Amino acid sequence: MSYWGFKFEQYLTAGRMDRQPDSSGPVNNKEAYCSVIQTRLGSHTLLFAGEVDALDPSVKETKPSCYVELKTSRQIDHPGQERNFIKFKLIKWWAQSFLVGIPRIICGYRDDYGTVNSLETFLVSQMPKMAAQYSNPPAWSGTACMNFCDRFLSFIKTVATEDNPRVVYKFEWTPPAAEVHWEKLVDSSSYSFLPRWFLDDMEGGAECS
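Keep in mind it's a predicted model, so treat the numbers as computed, not measured. (Residues numbered from 1 in each chain as written. Predicted model: local features only at pLDDT ≥ 70, side-chain atom pairs only at ≥ 80, totals over all residues. Heavy atoms only, no water.)

1. A short note on the packing of aromatic side chains
The full count for this structure, using the stated rule, is 14 aromatic pairs. Between the aromatic rings of F85 and Y109, the centroid separation amounts to 6.2 Å while the plane-to-plane angle is 50°, which identifies the pairing as tilted. On the criterion of sequence distance, the pair formed by F85 in helix α2 (residues 79-100) and Y109 in strand β5 (residues 104-110) is long-range, its members being 24 residues apart. By relative accessible area, F85 is classed as buried at 6%. Taking 6.4 Å as the distance between ring centres and 65° as the angle between the ring planes, the aromatic pair formed by W93 and F122 counts as edge-to-face. Residue W93 is located in helix α2, and its partner F122 is located in strand β6 (residues 116-123); the two are separated by 29 residues in the primary sequence. Here a set of aromatic residues connected by ring pairs shows up, and it is made of F148, F152, F155, F171 and W173. (Phe/Tyr/Trp six-rings, centres within 6.5 Å; stacked < 30°, edge-to-face > 60°. Helix = DSSP H or I, 4+ residues; strand = E, 2+ residues; numbered from the N terminus. Buried < 20%, exposed > 50% of the residue type's maximum accessible area, 1.4 Å probe, protein only.)

Shown next, in the form of structure tokens:
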């Protein structure tokens, strides 16, 4: 089940413009194309990479307007599933695509056996409006999400003040709590992402030969 989404992408994408999708091979979830974005949020300058599933060759506009995100979701059979889809799933899809600038998401609705029976295209710009129209108060708000992100980044700047590659700052937030808890970890093998050999070479002043 965890690979159904990757298989869906394989059915809809090809490695080159002049080729057709080839779904005969095994799924490789370690391959990815990422777009590097520099943008601003409030007073913060952001530089990050976001995974992009595909581009639509029929869209003549430049990147990222031609980008497309591919998703799968359980087909909706009753109002409770629709509520969960709009309240919990759409917000994740919106946040992921909005930050990268992806304008459209193609969703494949699948059954319990992984078979996709229908497709629906969502405009990322319209997702917050869908949440607002579904319930009162809105199921979620894109503005509230970005405001929270802005405040959280400001909070990080007040906490992560030590420029030390062996230090990791761990932040945790459990909704609906109002506070974000943090912890300073030194040489933590569980959360460190820079390999020790890299840190040793950098601190030892190793030179490239």
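2. Remarks on the sheet that holds β6
On the basis of which strands lie adjacent, the open sheet formed by four strands has the order β3-β4-β5-β6 and mixed pairing. In this open sheet, the two strands that pair with only one neighbour each are β3 (54-55) and β6. Sitting on the sheet, α2 touches β4 (67-74), β5 and β6, and the angle it makes with β4 is about 155°. (Pairing = 2+ DSSP bridges. Contact = heavy atoms within 4.5 Å. Axes fitted to C-alpha atoms, helices over the stretch in contact; angles between N-to-C directions.)

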